Amino acid sequence: MRRYFNVKNRAILREMVATDFKVRYQGSVLGYFWAILKPLFMFAVLYILFTYIAPIGKDVPHYGVGLLLGIVLWNFFSETTMIGASSVVAHGDLIRKISIPRYLVVISSSVSALINLGLSLIVVFIFTLINGITPNWSWLLLIPIILQLYALSLGMAFILATAYVKFRDITYIWEVLLQAGFYASAIIVPMKSVPIELRDWFFMNPIVQIVQDARNALVPHETNITIWNTIDNPIIRLIPLIMIVIICVVGFVYFKRRSKYFAEDI
Amino acid sequence: MAENKEIAISIKDIHKEFILPQNKSNSLKQLAVNMVRRNNKTVQKVLDGVSFDVEKGDFFGIVGRNGSGKSTLLKLIAGVYSPTEGAIGVNGGLTPFIELGVGFNTELSGHDNVYLNGALLGFSRKQMDAMYDEIVEFAELGPYMDQKLKNYSSGMQVRLAFSIAIKSKNDILLFDEVLAVGDEAFQRKCLDVFEQYKAEGQTVVLVTHDMETVRKFCTRAVLINDGKILKIGHPHEVANTYSELNLVEIERDMENKNVKVSDSALGLNIIYRNTENTKTSAYKCGDTMKVAIDYEKKIDFQNLVINVYKLSGEHITGFRVPVESGKLEVEIKTYFARGKYYSLVQAIDSEDRAVGGVVLGPEFIITTDRPTDRPGWSGLVPVEYKIVKY
């Protein structure tokens, strides 16, 4: 790890993230507020839709808080993987002309998304407090949960970024998959509405496990449905975690092997 | 001659192949097509067994024609490409300048861009803090550093980028044709820095087309041709071989275009004489050179076009003269920089078409840098010529 994040690489990472931060909302009046406003608007639309018009979240305690948290976490996953996927090609000029470690390009885009996530989480906490939930020690559990999400997103971003250099269809395919994934990951539909016999399958999706754990950490309640109180088999319980480890390893190895040829393949 | 010198870059039997882009799978459809017919890859050998060492303190020139593989070699040294075969060892820190201002973002201020570019080139923030003032001073952009780069003129942007390059301190510096920027005064400054590098014994690797630079600064040079080393060693010898190579290539080009050189239907003969009417090919800058052309006029033409080229292929001047009898003499004031030149003569008929092929005149040499009659000459005087007789 030391070798990967030495003084030089840290300087590169800091400058790239700072550049992204400064440039992204250049010239817009609200500037960085958009990073927070975007998920908030989306939340408002979905909240109104699913509590008043098609009230699937009506008898779920604190459905709104869970929905907002789900959207924020999902946005992080989708942003990291989408921007990460095109990051190598987007920084083609750097890759073709200097020999910076290639992985920094992907990591810098993920750090930018991480900053967005941090800002959005502040809004989530405020919204949670407004909902009358008192701060709880279980909130600290959000740290390892988000780390897990970060590892999944980064591993996926490495796979996509590498593939995208050669096959430019990848981002379109991934965009479609993300759209489907949003509905399949129990972000909107509460776990309660998922038929019991299907729940085991739902939890094989690491995002579902992560989002449900995060919701349970933010608003602990015995009626919350998590992988830990749904699946009894201790090995099957670990499948989402094992999947994340596999995605990360595959991502890093694939990226490392192909990154030697990025400069000529882009 | 220097056994105990330390090696800065060692290049051992480097091969580099590229898979040509028409077979690259940019989309799934292409991928499917390419998977079906697997073995139609076109492999282009760019470097084919290149080995040499650059020693500490060398000012090392890499020269070669376009497409010879010299830029690929530089990118391999810089670590941008990986060799297909062979090994490259770099001893010490290396900063490459394959392009100036890599990563520059026009939405950022000049100040931020210096730090961004510096970080990308491998300098820590501390090192950049130490270099910053010098960079700004060299670029002469002090008052503008807080302005966004998009408000800079292109000249200012180049100056800033070049200043970062030239003020960067590292064990080994790599430059790719970067000298061709800025106005004359700025170029002068850059050359001064190169001189300073040479005096300090800074290790520099430079890719260039300009043989003057090679002769002036390099301590050693290598000529790459068709992916192989054609000559390595003393910069003057390498530069001469490069110039000869160019002439051969120009002749071959013309033959390929079905233009006959020397032995054309024109029956032309070209001779250079000095003012004393002695046949010679060496002139001082600004001397009068008499170009005597006699021709048989086997075919009909109205004009002759005389072009002068530098041996590197660069066009210097050209003019058209009407013809009548079988003899023509033109006096040229040779306000050319020091170097080797040659002339090409072509016949033009009454309908403005080139006829009868091209005749390659003999080579001539300009031996001095400045003309004797114009001490303040800067190379911008138009070439003067006079038709002496038809």
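## Brief notes about the overall build of chain B
Thought 1: Within chain B, the secondary structure is distributed over eight helices and 18 strands.
Thought 2: Looking at chain B residue by residue over its 390 residues, the buried ones come to 49%.
Thought 3: Partitioning the intrachain contacts of chain B with sequence separation of at least 6 by distance along the chain shows that 70% fall at a separation of at least 24.
Thought 4: Here chain B has roughly 18700 Å² of accessible surface; of this, 47% comes from carbon and sulfur atoms.

## Description of the sheet that holds strand E6 (residues 172-176) of chain B
Residue and element names in this part refer to chain B.
Thought 1: Taken in spatial order, the six strands make up an open sheet running E5-E6-E7-E3-E8-E9, and their pairing is mixed. Pairing within the sheet leaves two strands with one partner each, and these edge strands are strand E5 (94-97) and strand E9 (228-233). Going from strand to strand, the sheet's axes swing by 15° on average, the running direction of each strand aside.
Thought 2: Of the pairings in the sheet, the one linking strand E3 (residues 59-63) to strand E7 (residues 203-207) comprises four bridges and is parallel in character. Paired with glycine 61 across the bridge in E7 is leucine 206.
Thought 3: The strands touched by helix H2 (residues 70-78) within the sheet are E3, E5, E6, E7 and strand E8 (220-225), with E6 carrying the most contacts at an inclination of about 150°.

## Notes on the environment of phenylalanine 104 of chain B
Thought 1: Mapped onto the elements, phenylalanine 104 of chain B comes out in the loop between E5 and helix H3 (110-120).
Thought 2: Excluding residues that lie within four positions of it along the chain, phenylalanine 104 of chain B makes contacts with Asn113, Asn117, Leu149, Gln157, Leu160, Ala161 and Ile164 of chain B.

## What to know about the interface of chain B and chain A
Thought 1: Each partner contributes to the interface: chain B provides 33 residues, whereas chain A provides 31 residues.
Thought 2: Overall, the association of chain B and chain A removes approximately 2700 Å² of surface from exposure, summing both partners, and the carbon and sulfur fraction of that is 59%.
Thought 3: Put simply, chain B and chain A have four salt bridges between them.
Thought 4: A salt bridge links arginine 125 of chain B to glutamate 15 of chain A, with the shortest nitrogen-to-oxygen separation between them at 2.8 Å.
Thought 5: One can count seven residue pairs in polar contact (both at pLDDT 80 or more) joining chain B with chain A.
Thought 6: Contributing elements (two or more residues each) for the side of chain B that touches chain A: strand E1 (7-19), helix H1 (28-36), H2 and H3 of chain B.
Thought 7: It is H3 of chain B that contributes the most residues to the side of chain B that touches chain A, five residues altogether.
Thought 8: The residue makeup of the side of chain B that touches chain A, split by class, is 15 nonpolar, nine polar and nine charged.

## Focus on unusual backbone geometry
Residues and elements named next belong to chain B.
Thought 1: Even without being glycine, glutamate 140 reaches a positive phi, approximately 55°.
Thought 2: As for its placement among the helices and strands, glutamate 140 is situated in the loop between helix H4 (125-139) and helix H5 (154-167).
Thought 3: Unusually for a residue other than glycine, asparagine 277 sits at a positive phi of about 65°.
Thought 4: Inspection of the secondary structure assignment puts asparagine 277 in the loop between strand E10 (268-273) and strand E11 (282-283).

## Digging into the nonpolar core
Thought 1: Grouped together as the largest cluster of nonpolar side chains are 152 residues, with contacts concentrated most on Ile9, Ile62, Leu73, Leu160, Phe175 and Tyr197 of chain B.
Thought 2: At 16 residues, helix H6 (residues 142-166) of chain A tops the list of elements feeding residues into this core.
Thought 3: Excluding residues within four positions of it along the chain, tyrosine 197 of chain B makes contact with Phe59, Ala165, Ile166, Ser168, Leu173, Phe175, Gln202 and Val204 of chain B.
Thought 4: Ile270, Ile293, Ile306 and Val345 of chain B belong to the second-largest nonpolar core, a separate cluster that totals 27 residues.

## Observations regarding the sheet that holds E11 of chain B
Residue and element names in this part refer to chain B.
Thought 1: Taken in spatial order, the five strands line up as E11-E17-E16-E13-E14 in an open sheet, and their pairing is mixed. Sheet topology places E11 and strand E14 (315-322) at the edges, where each strand pairs with a single neighbour.
Thought 2: With nine bridges connecting them, strand E16 (residues 339-348) and strand E17 (residues 354-366) associate as antiparallel partners. Bridge pairing in E17 links glutamine 346 to valine 358.

## Brief notes about the domain arrangement of chain B
All names here are of chain B.
Thought 1: Entries for chain B in the domain assignment read domain 1 (7-249) and domain 2 (260-366).
Thought 2: For domain 1 versus domain 2, the separation of C-alpha centres amounts to 38 Å.
Thought 3: The interface formed by domain 1 and domain 2 includes zero salt bridges.
Thought 4: For the interface between domain 1 and domain 2, the tally reads zero residue pairs in polar contact (both at pLDDT 80 or more).
Thought 5: No other element matches helix H8 (residues 235-256), which puts three residues into the side of domain 1 that touches domain 2.
Thought 6: Split by residue class, the side of domain 1 that touches domain 2 holds one nonpolar, two polar and one charged.

## What about the side chain of asparagine 307 of chain B?
Thought 1: Mapping asparagine 307 of chain B onto the fold places it in strand E13 (residues 303-310).
Thought 2: Ignoring sequence-local partners within four residues, the contact set of asparagine 307 of chain B consists of His315, Thr317, Gly318, Tyr342, Ser343 and Leu344 of chain B.

## Considering the packing of aromatic side chains
Thought 1: The tally for this structure, following the rule as stated, stands at 27 aromatic pairs over all chains.
Thought 2: Between phenylalanine 43 of chain A and phenylalanine 127 of chain A, the aromatic rings sit 5.1 Å apart at their centres with planes inclined by 80°, giving edge-to-face as the arrangement. Highlighted residues: phenylalanine 43 of chain A in helix H2 (residues 33-53) and phenylalanine 127 of chain A in helix H5 (residues 103-130), separated in sequence by 84 residues.
Thought 3: The exposure class of phenylalanine 43 of chain A is buried, given its relative accessible area of 7%.
Thought 4: With a relative accessible area of 22%, phenylalanine 127 of chain A lands in the partly exposed category.
Thought 5: In this structure an aromatic cluster arises from ring pairing among Phe59, Phe97, Phe175, Phe194, Tyr197 and Phe217 of chain B.
Thought 6: Across from the ring centre of tyrosine 164 of chain A, 5.4 Å away, lies the NZ or CZ of arginine 168 of chain A, which sits over that ring.

## What to know about the pairing of E8 of chain B
All names here are of chain B.
Thought 1: Burial analysis of E8 places five of its six residues in the buried class, the great majority of the element.
Thought 2: As paired strands, E3 and E8 are joined by four bridges and run parallel to one another. In the sheet register, glycine 61 faces E8, and the bridge partner there is alanine 221.
Thought 3: Across five bridges, E8 lies against E9 in antiparallel orientation. Across the sheet, residue leucine 223 finds its bridge partner in E9, namely lysine 231.
Thought 4: Taken together, E8 and the strand that follows it, E9, pair antiparallel across an intervening segment of two residues, in which aspartate 226 is found at a positive phi of about 50°.

So, how was this worked out
- Residues numbered from 1 in each chain as written.
- Chains lettered and ligands numbered in written order.
- Predicted model: local features only at pLDDT ≥ 70, side-chain atom pairs only at ≥ 80, totals over all residues.
- Heavy atoms only, no water.
- Helix = DSSP H or I, 4+ residues; strand = E, 2+ residues; numbered from the N terminus.
- Buried < 20%, exposed > 50% of the residue type's maximum accessible area, 1.4 Å probe, protein only.
- Contact = heavy atoms within 4.5 Å.
- Areas by Shrake-Rupley, 256 points an atom, 1.4 Å probe, with all protein chains shown as cover.
- Pairing = 2+ DSSP bridges.
- Axes fitted to C-alpha atoms, helices over the stretch in contact; angles between N-to-C directions.
- Buried area = accessible area lost by both parts, 1.4 Å probe.
- Salt bridge = Lys/Arg side-chain N within 4 Å of Asp/Glu carboxyl O.
- Polar contact = N/O pair within 3.5 Å; in protein donor to acceptor, adjacent residues only side chain to side chain.
- Nonpolar A, V, L, I, M, F, W, Y, C, P; charged D, E, K, R; others polar.
- Core = buried A, V, L, I, M, F, W, Y, C linked by side-chain atoms within 4.5 Å.
- Domains from an automatic or database assignment.
- Phe/Tyr/Trp six-rings, centres within 6.5 Å; stacked < 30°, edge-to-face > 60°.
- Lys NZ or Arg CZ within 6 Å of the ring centre and 35° of its normal.

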